[in-house]
Amino acid sequence: VAVLAYPIMFLALTFVACFFYPSLSALYGIRFTACVRFLVVRVRPDLLIFAFLGQLKNFLISLLPTLTTNYHIQVCLMLTVLLSWSFAQLWFKFWRSHLINVVDAYMNF
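On a predicted model such as this, the values are computed, not experimentally measured, just so you know.

A. Fine view of the overall build of the protein chain. Scanning the protein chain from N- to C-terminus turns up seven helices and zero strands. When the helices and strands of the protein chain are placed in sequence order, the string is α-α-α-α-α-α-α. Here the C-alpha coordinates of the protein chain stretch approximately 50 × 40 × 15 Å along the principal axes. In the protein chain, which comprises 109 residues, the share counted as buried stands at 30%. Across the protein chain, every contact between residues at least 6 apart in sequence was considered, and the portion connecting residues at least 24 apart equals 49%. Accessible surface for the protein chain amounts to roughly 7700 Å². Of this, 74% is attributable to carbon and sulfur atoms.

Below is the structure:
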């Protein structure tokens, strides 16, 4: 249980930082923006929630193999996570650059 405390706390903080980014950056200014730069610099400003979803995807990729010992279920769950991310990326095109969206689409397929 203690091993999951740090990743879940990090996910909670990234959710708050992404979801409330406009109000928190107006309140705390450049210091807050500098602290969460690793999240917000990659995605379009109107789709900041995908910065959190990317962190959630990475957490699920690392967690899924430990949930079950059945390889078939592991593969199905992993495919579900990766294909969901790919379809969301292709639909919303949330990266700031068109080239990055194209490269990410090719790398995920």
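That shown, we press on.
B. Molecular detail of the packing of helix H1 (residues 2-19) against helix H2 (residues 21-28). Running from N to C, H1 and H2 point in directions that differ by 80°, and their axes come no closer than 5 Å. As judged from the angle between their axes, H1 and H2 are roughly perpendicular. Only Tyr 21, Pro 22 and Leu 24 of H2 make contact with H1, whose side of the interface consists of Val 16, Ala 17, Cys 18 and Phe 19. Looking at the contact of H1 with H2 residue by residue, the classes come out as seven nonpolar, no polar and no charged.

C. The arrangement of the pattern of salt bridges in detail. The final tally for this structure, using the stated rule, is one salt bridge. Asp 46 serves as the salt-bridge partner of Arg 44, at 3.0 Å between the closest nitrogen and oxygen. With relative accessibility at 54%, the residue Asp 46 sits in the exposed group.

D. Structural context of the side chain of Thr 68. Mapped onto the secondary structure, Thr 68 falls in the loop between helix H5 (49-67) and helix H6 (71-92). Here Asn 70 takes part through its backbone nitrogen, which lies 3.2 Å from a polar atom of the side chain of Thr 68. In this structure Thr 68 touches Ile 73 and Gln 74, once residues within four positions along its chain are discounted.

E. Structural context of the packing of H5 against H6. Direction vectors running N to C along H5 and H6 enclose 165°, while the axes themselves pass 9 Å from each other. Here H5 is positioned roughly antiparallel relative to H6, judged by the angle of their axes. Seen along the crossing, H5 lies across H6 with a hand that is left-handed. Contacts from Phe 50, Leu 53, Gly 54, Lys 57, Leu 60, Ile 61, Leu 64 and Pro 65 in H5 reach Gln 74, Leu 77, Met 78, Val 81, Leu 82, Trp 85, Ala 88 and Phe 92 in H6. Of the residues assigned to the contact of H5 with H6, the class counts are 13 nonpolar, two polar and one charged.

Cut-offs used in this document
- Residues numbered from 1 in each chain as written.
- Predicted model: local features only at pLDDT ≥ 70, side-chain atom pairs only at ≥ 80, totals over all residues.
- Heavy atoms only, no water.
- Helix = DSSP H or I, 4+ residues; strand = E, 2+ residues; numbered from the N terminus.
- Buried < 20%, exposed > 50% of the residue type's maximum accessible area, 1.4 Å probe, protein only.
- Contact = heavy atoms within 4.5 Å.
- Areas by Shrake-Rupley, 256 points an atom, 1.4 Å probe, with all protein chains shown as cover.
- Axes fitted to C-alpha atoms, helices over the stretch in contact; angles between N-to-C directions.
- Parallel < 35°, antiparallel > 145°, perpendicular 65-115°, else oblique.
- Nonpolar A, V, L, I, M, F, W, Y, C, P; charged D, E, K, R; others polar.
- Salt bridge = Lys/Arg side-chain N within 4 Å of Asp/Glu carboxyl O.
- Polar contact = N/O pair within 3.5 Å; in protein donor to acceptor, adjacent residues only side chain to side chain.
- Left-handed = near helix turned anticlockwise from the far one by under 90°.

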